[in-house]
Amino acid sequence: MKTLPRILALAGLTAALVSTSARAEDVKAGDLVITQAWTRATPNGAKIGGGYLTIENKGTTPDRLVSGTGDVAGKIEVHEMSMDNGVMKMRALDKGLTIEPGKTVKLAPGGYHLMMFDLKNPLKQGDKVPVTLEFEKAGKVSVSLDVQPVGAQGPGGGHSGHGDHSGHMDMKKM
């Protein structure tokens, strides 16, 4: 009968692991808190992908997201999308993205994002993609991007909502 307590303990541990891995972990690095890190699934043969996350600076000095690296891609850059006379433009932020003290910067579709070039494999829904972000002050920070369905507008955990323009992903509005 010793096996029953072991089975129950293992079942409890498994349930705890599954429930905590359902959404991206909050990552703290110096004065920065990184949350809601995600990406979209890509079709076979796709060579680029986007990475999205929220960075909060709880400190008193600015920091700057300079670049990223990861085994998933040949190169990861910080990009910005913007409208210019009705034309959507995308450009690399060569000097990085500043996170002012006391502010939160959201990398999301249609705005700031990580651009992953030369993907080694398709990004599959349900996977976690490890990447390393490089900050001017906080240094190198490891995060995992949760792979959401193709076309997703936000992390699928239903815990986004503040200033989130993806109304159809916000369960509170349904």
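Because the structure is predicted, anything quoted here is derived from the model rather than measured.

The next thing to look at is unusual backbone geometry. Unlike most non-glycine residues, Asn85 shows phi in positive territory, near 55°. When you line up the elements, Asn85 lands in the loop between strand S5 (73-84) and strand S6 (87-92). Here Asn85 falls in the exposed class, since its relative accessible area comes to 78%. For Asp118, which is not glycine, the phi dihedral falls at a positive 55°. Inspection of the secondary structure puts Asp118 in strand S9 (residues 113-119).

Another point: the environment of Gly102. Within the element layout of this structure, Gly102 appears in the loop between strand S7 (97-99) and strand S8 (104-107). Overall, Gly102 belongs to the exposed group, its relative accessible area being 63%. Between the C-alpha atom of Gly102 and that of Asp31, which follows or precedes it by 71 residues, the distance is 9.7 Å. Apart from the residues within four sequence positions on either side, Gly102 is in contact with Asn57 and Gly59.

Moving on, we come to the side chain of Thr39. Position of Thr39 relative to the elements: it lies in strand S2 (residues 32-40). If we ignore the near neighbours within four places in the chain, the residues touching Thr39 are Gly50, Tyr52, Met116, Leu123, Val129, Leu145, Asp146, Val147 and Gln148.

As a general rule, the predicted coordinates of low-pLDDT regions are not to be interpreted in detail. On average, residues of the protein chain score 82 in pLDDT, and 76% of them are at 70 or above. Across the protein chain, element-level confidence peaks in S7 with a mean pLDDT of 98 and bottoms out in helix H1 (residues 3-20) with 44. Low confidence marks residues 7-23, where pLDDT is under 50. Its contacts with residues over four positions away, or in another chain, come to five contacts. pLDDT under 50 marks residues 157-174. Its contacts with residues more than four places away, or in other chains, come to 19 contacts.

Let's shift gears to the pairing of strand S10 (residues 128-135). Alternating positions in S10 separate cleanly, Val129, Val131, Leu133 and Phe135 being buried on one face and Lys128, Pro130, Thr132 and Glu134 remaining unburied on the opposite face. Bridge analysis of strand S4 (residues 63-69) against S10 gives four bridges, and the strand direction is antiparallel. Counted as the bridge partner of Leu65 is Phe135 from S10. Pairing analysis gives eight bridges linking S10 to strand S11 (residues 139-148), with the strands arranged antiparallel.

Looking now at the nonpolar core. Ile34, Leu53, Ile55, Leu65, Leu133 and Phe135 are the most contacted members of the largest nonpolar core, which has 30 residues in total. In contact with Phe135, not counting residues within four places along its chain, are Leu32, Ile34, Ile55, Asp63, Arg64, Leu65, Val66, Ile99 and Val141.

Turning next to the packing of aromatic side chains. All chains considered together, the criterion is met by one aromatic pair. When the centroid spacing of 4.6 Å and the interplanar angle of 40° are considered together, the rings of Trp38 and Tyr52 count as tilted. In this pair, Trp38 sits in strand S2 while Tyr52 sits in strand S3 (residues 48-57), placing the two residues 14 residues apart along the sequence. The pair Trp38 / Tyr52 is uniform in exposure class, with both members buried.

So, on to the pattern of salt bridges. Under the counting rule described, the total for this entry stands at five salt bridges. Glu136 is the partner of Arg64 in a salt bridge, and the nearest nitrogen-oxygen pair spans 3.4 Å. One end of the pair, Arg64, is in strand S4; the other, Glu136, is in the loop between S10 and S11, with 72 residues separating them in the sequence. Two residues, Glu80 and Arg91, come together in a salt bridge whose shortest N-O distance is 2.9 Å.

What follows is about the environment of Met90. Tracing the sequence through the fold places Met90 in strand S6. For Met90, a relative accessible area of 41% gives the class partly exposed. Not counting chain neighbours up to four residues away, the residues in contact with Met90 comprise His79, Glu80, Met81, His113 and Met115.

Definitions and limits used
Residues numbered from 1 in each chain as written. Predicted model: local features only at pLDDT ≥ 70, side-chain atom pairs only at ≥ 80, totals over all residues. Heavy atoms only, no water. Helix = DSSP H or I, 4+ residues; strand = E, 2+ residues; numbered from the N terminus. Buried < 20%, exposed > 50% of the residue type's maximum accessible area, 1.4 Å probe, protein only. Contact = heavy atoms within 4.5 Å. pLDDT = per-residue confidence, 0-100. Pairing = 2+ DSSP bridges. Core = buried A, V, L, I, M, F, W, Y, C linked by side-chain atoms within 4.5 Å. Phe/Tyr/Trp six-rings, centres within 6.5 Å; stacked < 30°, edge-to-face > 60°. Salt bridge = Lys/Arg side-chain N within 4 Å of Asp/Glu carboxyl O.

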